[in-house]
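# Report on the structure
The residues making up each chain are set out below.
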Amino acid sequence: MFFLFLVNCLLFVVNILAVFSVSLPQDSIHLLGFRSSLPQLSQQLLPWNQSVSHCQWKGVSCYSDTTSHVKSINFTDFILSGILDKAFPNLCSLPHLVSLDLSGNHFTGSIPAMLANCSQLDTILLIDNSLSGSIPPEIFSSSKLLKLDLGDRPLPDLPLSCSLYELYIYQNRFSGSLPITLDGNNFEGEIPDTLWNGSLQELLLSTNKFNGSISVKIGGCHQIKYIDLSVNKLTGNIPKSVGRLKNLNNLLLYDNMLSDSLPAELGNCTSLAEINLIRNFISGEIPSELCNLQTLAIFNAFENQMQGHIPECICRMSGLEELAFYENRLTGEVPRGLGENSFRALVKIDLSYNNFSGQIPTELFNGNSLAVLVLENNRFNGSFPTYIAKFKSLYRVNLVNNHLQRSIPEGIEEHCVREYSRKYAYRKDSSSLWLLDQSFND
């Protein structure tokens, strides 16, 4: 009798469990399987209430339709622990999962190779864990994977068909040469040609020791929007093929050793908002084709060797906010069109340490937003521009070492300093306060 009673109890429990399992959506079962693979303390950090939809569970997001399929998982800084290889099969069983963020936890073990074919994942973030070993090369063969952040891990060679457009490996301790088909941060050597592919959208490789030239294959990155190769040791010219980058917004190449003239084809990059070329060896004249960049807001090319005039057509670059060409070899007069009313956003002009001549155009102030005008160490002549006192937006003017005539009219400097002090809370005798200086003029 006791044996029959025990059998009936077991059957009852099995039936209850079966009914319970059937009542739970499949995604709930996979999530609970993931939780049960974690140590007991980590399980307590996921206090999921099974009486409500798993879409309401902490860290879980579902599609907005009625299917209740899990779309993304974000366990950032949950302080979860466990062996990642053991926990991952349950997550990869979620058939519609596209984003997984496990960063800022204490997972150990190796990076699972199954990430290459894990559900529909296009975003994987595993930075700031305690993972060991190298990155399985299979991951980069995924046709779905677009964004990958794995932190400080040894890198494999990437296949030519890699679909990644964002790869974060910055602030690591990598050294030595890169694998043939990949670039990164704090590496040295040349940038491999195979990096430049049509799916790349952002490339940030600043503050490294890359040398060699920028490949002409950069023109094949038709979708790229952001390029930062600054603070390296790159040499050679900026390839003409860069003109094929119609979606490029930011081009940051400062602190390299680039030389030769700016390519006229750069004027075809009509989406550009920022060009930063400071501290290179760029020479030659400024191509008039750059005047086509009507959305360009910041153009910094100081400390180079550019020659010739600023193109008169610069008046077409109506989106300019900052223009800094100081310490070049530019000559001629400053185009009057630079200050036309269309330049309402122009805040800063720095043309110091060149060989500009002629009078300072009054049109520079027509936009009513100019705050900084630095023209020191040129050959500007004519009378001192007394009208600058009328412009309330202007707070810094440097006219040192030109050929301007007459002294600063009485009251202008006092007025400007008073206005600057009022706006920026500086004392008049502050060493950092410098508004108006036209010393060493005639």
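For the structure given in this document, a descriptive report is provided here. (Residues numbered from 1 in each chain as written. Predicted model: local features only at pLDDT ≥ 70, side-chain atom pairs only at ≥ 80, totals over all residues. Heavy atoms only, no water.)

## Focus on the environment of Arg 329
Examined against the element boundaries, Arg 329 turns out to sit in strand S21 (residues 329-332). Among the residues examined, Arg 329 registers a relative accessible area of 45% and is labelled partly exposed. When the C-alpha atoms of Arg 329 and Tyr 353 are compared, they prove to be 8.0 Å apart, with 24 residues separating the residues in sequence. Once residues within four sequence positions are removed from consideration, Arg 329 is found in contact with Gln 305, Met 306, Gln 307, Gly 308 and Asn 354. (Helix = DSSP H or I, 4+ residues; strand = E, 2+ residues; numbered from the N terminus. Buried < 20%, exposed > 50% of the residue type's maximum accessible area, 1.4 Å probe, protein only. Contact = heavy atoms within 4.5 Å.)

## As for the state of the cysteines
What makes a disulfide is a covalent bond joining the sulfur atoms belonging to two cysteines. Within the structure shown, the criterion is met by three disulfides. One disulfide in the model links Cys 92 with Cys 118; its S-S distance is 2.1 Å. Between Cys 92 and Cys 118, the S-S dihedral sits near -105°, and the bridge is therefore left-handed. Of this pair, Cys 92 sits in helix H4 (residues 84-92) while Cys 118 sits in the loop between strand S5 (106-108) and strand S6 (123-125), placing them 26 residues apart in sequence. Between the sulfur atoms of Cys 291 and its disulfide partner Cys 313 the distance amounts to 2.1 Å. Disulfide Cys 291-Cys 313: the torsion about the S-S bond is 70°, which places it as right-handed. One end of the pair, Cys 291, is in the loop between strand S17 (281-285) and strand S18 (298-300); the other, Cys 313, is in the loop between strand S19 (305-308) and strand S20 (322-324), and 22 residues separate them in sequence. (Disulfide = S-S within 2.5 Å.)

## Brief notes about the packing of aromatic side chains
For the coordinates displayed, the defined rule picks out seven aromatic pairs. Between the aromatic rings of Phe 299 and Phe 325, the centroid separation amounts to 5.0 Å while the plane-to-plane angle is 90°, which identifies the pairing as edge-to-face. Of this pair, Phe 299 sits in strand S18 while Phe 325 sits in the loop between S20 and S21; the two residues are 26 residues apart in sequence, bridging distant segments of the chain. Ring centres of Phe 302 and Tyr 326 lie 4.1 Å apart, and the angle between their planes is 10°; this geometry places the pair in the stacked category. Separated by 24 residues along the polypeptide, Phe 302 in the loop between S18 and S19 and Tyr 326 in the loop between S20 and S21 bring together distant segments of the chain. One aromatic cluster in this structure is built from Phe 34, Trp 48, Trp 57, Phe 75 and Phe 78. Its end group placed over the ring of Phe 78, Lys 58 keeps NZ or CZ at 4.7 Å from the ring centre. (Phe/Tyr/Trp six-rings, centres within 6.5 Å; stacked < 30°, edge-to-face > 60°. Lys NZ or Arg CZ within 6 Å of the ring centre and 35° of its normal.)

In short, the description is geometric, and any link to function would need to be established separately.
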